[in-house]
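Survey of secondary and tertiary structure
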Amino acid sequence: MLLKESDVGLCSKDLEASCDMGSTEILEKGSTENLSNGTNSNKQAAKRLAKRLYHLDGFKRSDVAKHLGKNNDFSKIVAEEYLKFFDFTGLTLDQSLRIFFKAFSLIGETQERERVLVHFSNRYFLCNPNSISSIDGVHCLTCAIMLLNTDLHGHNIGKKMSCQEFIANLQGVNEGRDFPRVLLKALYNSIKNEKLEWAADDVDAMKKSPSDNADEKPNGTQSKSVNRIGSSNPFLEIPHDPNAAVYKTGFLARKIHADMDGKKTPRGKRGWKTFYAILKGTVLYLQKDEYKPEKALSEDDLKNAVSIHHALALKATDYEKRPNVLKLKTADWRVFLFQAQSTEEMELWISKINCVAAVFSAPPFPAAIGSQKKFSRPLLPATTTKLTKDEQLRSHETKLKQISTELAEHRSYPPDKKVKAKEIDEYKLKDHYLEFEKTRYEVYVKILKEGGKEMLTNNENDNSGLKKSHSSPSLTQDSSPSSAKVKRNISERKDYRPETPSIKQKVT
């Protein structure tokens, strides 16, 4: 459909193909009229754009995803209207995905691709309300299929995921229940026999499949439900369980050192804040007020919560600005510093956190490796393990042996000094990862050999850190002037990103 100059609120073809589709963008060259959220002109413009995207009228297949995956109201309306062109009624989830991917190329930033999959899940559930119990269930299976496709058809080296492993990985993630085994077996066999592919702009070009972008694990938009904690990938997020056991409570001061994937936390967000901490199930809740079992958690409480599956807590031996500080590294490689009220409290927190992680962390998914063979960490599911105590110990021992062997092999072939700096950084990143994982599994194995779950019930009556004190929220304040500049601790720097000794950083 060609657009007339009189169509108020629309881009010309060239302008529309390049603008960011914000709901308040000026959409027509020379026009001063903006689109306000929720206005009729907004919706009509979204419908017209969705139609043009579907029919590729002035757009390429590679243009579609970026217009559907923006995080603004206008883009959401466009995506909703675009999905209306697809009728998935009576089709299986994998059949629907194949049809969907034939229309465009699912490329762009990880978050943008994930938003597109969210829109797909909403549409599939609308067309098949009785096939899967909820939209979250559809989205969870969609992510699972993408991960399976990567594992079976990606360029990773090693054993491929079996059908039984695929089923086991999805235990309990369908709103606390299991998906039907018949459904999961059918999906597994479908993906195994024929990989997912999507269309390319050039019909002669090789089609690009989700497995070719496997160096980035699927992440996504924040879940609408406040009952989920962590990343919004249903494979990785963990549901809030109000009936979970409480293993420890007490005041902790927190400093965020590194965000997800080890990215350095912006300077303005690194300050110390004091919370009342509750280690409940596999989640460390950080609340402003003291814990009351009967009180419902607020959205802020859930936002501050830290999932400790596959995490490791250690004493921050090189952090000298405050006493009694422990360092917590999570499954998604966020790094936190926590200051306890005493040395004994710090050691108790370290013991309890590591014990919960060792006892309840489910076996990891295979790592997804892209076509460029870029190093990629495996996905660490947040669901609680289904293994028995002995099976869990054997699983950790197997991983420890595997990681130790891989680390030794990795270090036996250091990169040549003449190679590119990027390759050296990649080598250091993998070395840092393997060294950390070796330490983590050594701690887990030691804990399970010493009693594991029984250790969580010890010291239940120890109230040294549970009673509220008027002076306790402030903890020990930093005595150094706030304006003084100090060198970043080596331990902190290492947990952000492996660096050469010549690099110097300062923080305030």
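Residues numbered from 1 in each chain as written. Predicted model: local features only at pLDDT ≥ 70, side-chain atom pairs only at ≥ 80, totals over all residues. Heavy atoms only, no water.

So, the overall build of the protein
Put simply, the rule reads: Segments assigned H or I by DSSP are reported as helices when at least four residues long, segments assigned E as strands when at least two residues long, and all are numbered from the N terminus. Only protein chains enter the area calculation, which uses a 1.4 Å probe; residues under 20% of their type maximum are buried, those over 50% are exposed, and those in between are partly exposed. Contacts are assigned to residue pairs with any non-hydrogen atoms lying within 4.5 Å of each other. Working definition of accessibility: Shrake-Rupley area with a 1.4 Å probe, residue cover restricted to the visible protein chains.
From N to C terminus, the protein includes 15 helices and eleven strands. Residues classed as buried in the protein amount to 49% of the 508 residues present. Of the contacts formed within the protein by residues at least 6 apart in sequence, a portion of 65% connects residues at least 24 apart. Summing over all exposed atoms, the protein offers an accessible surface of approximately 25700 Å²; the carbon and sulfur share of this is 50%.

Some words on the confidence of the model for the protein
Quick reminder of the rule: pLDDT gives the predictor's per-residue confidence on a scale running from 0 to 100.
Per-residue confidence for the protein gives a mean pLDDT of 74, with 70% of residues at or over 70. In this model, residues 1-38 is a region of pLDDT below 50 whose contacts with residues beyond four sequence positions or in other chains number 77 contacts. The low-confidence segment residues 203-228, where pLDDT is below 50, has 73 contacts with residues more than four positions distant or belonging to other chains.

Some thoughts on the packing of aromatic side chains
This is how it is decided: Only Phe, Tyr and Trp rings take part, Trp by its six-membered ring, and two of them pair if their centres are within 6.5 Å. Stacked means planes under 30 degrees apart, edge-to-face means over 60, and tilted covers everything else. Think of it as a cone above the ring: NZ of Lys or CZ of Arg counts as a charge over the ring if it is within 6 Å of the ring centre and within 35 degrees of the ring normal.
Under the defined criterion, the tally for this structure stands at 21 aromatic pairs. Ring centres of Tyr 82 and Phe 104 lie 6.3 Å apart, and the angle between their planes is 85°; this geometry places the pair in the edge-to-face category. Of this pair, Tyr 82 sits in helix H4 (residues 73-83) while Phe 104 sits in the loop between helix H5 (93-101) and helix H6 (110-127), and the two are 22 residues apart along the sequence. By relative accessible area, which is 0% here, Phe 104 ends up buried. Members of the aromatic cluster, connected to one another through ring pairs, are Tyr 54, Tyr 82, Phe 85, Phe 86, Phe 88, Phe 100, Phe 101, Phe 104, Phe 120 and Tyr 124. The ring centre of Phe 436 lies 4.6 Å from the NZ or CZ of Lys 329, which sits over that ring.

A short note on helix H13 (residues 421-449)
Note the threshold: One fewer than the residue count of a helix, multiplied by 1.5 Å, yields its expected span.
Between the first and last C-alpha of H13 there are 42 Å, a value that for 29 residues agrees with the 42 Å anticipated at 1.5 Å per step. Residue Gly 451 follows H13 closely and has a positive phi angle near 135°.

Things to note about the side chain of Ser 190
Condition: Definition of a polar contact: a pair of N or O atoms within 3.5 Å, with one able to donate and the other able to accept a hydrogen when the atoms are protein atoms, and with sequence-neighbouring residues admitted only if both atoms are side-chain atoms.
Relative to the elements of secondary structure, Ser 190 occurs in helix H9 (residues 181-193). The exposure class assigned to Ser 190 is buried, which follows from its relative accessible area of 18%. One polar contact links Ser 190 to Asp 94, side chain to side chain, over a distance of 2.5 Å. Within the local environment of Ser 190, its side chain forms a polar contact with the side chain of Arg 98, the two groups lying 3.1 Å apart. If sequence neighbours within four positions are ignored, Ser 190 has contacts with Asp 94 and Arg 98.

Focus on the sheet that holds strand S7 (residues 312-315)
For the record, the criterion: The criterion for strand pairing is that DSSP finds at least two bridges linking the strands in question. A fitted line through C-alpha atoms serves as each axis, taken over the contacting stretch for helices, and the angle formed by two N-to-C directions is quoted from 0 to 180°.
With respect to topology, seven strands assemble into an open sheet ordered S6-S5-S4-S3-S9-S8-S7, the strand pairing being antiparallel. Of all the strands in the sheet, just strand S6 (306-307) and S7 have a single pairing partner and so form its edges. As defined by bridge partners, strand S8 (residues 325-329) adjoins strand S9 (residues 335-339) across five bridges and the pair is classed as antiparallel. Note on S9: the bridge partner recorded for Val 325 is Gln 339. Helix H11 (residues 343-360) contacts strand S3 (246-258), strand S4 (273-280), strand S5 (283-287), S7 and S8 of the sheet and is inclined by roughly 95° relative to S3. On top of the sheet, H13 reaches S7 and S8; it is set at about 90° to S7, its chief contact.

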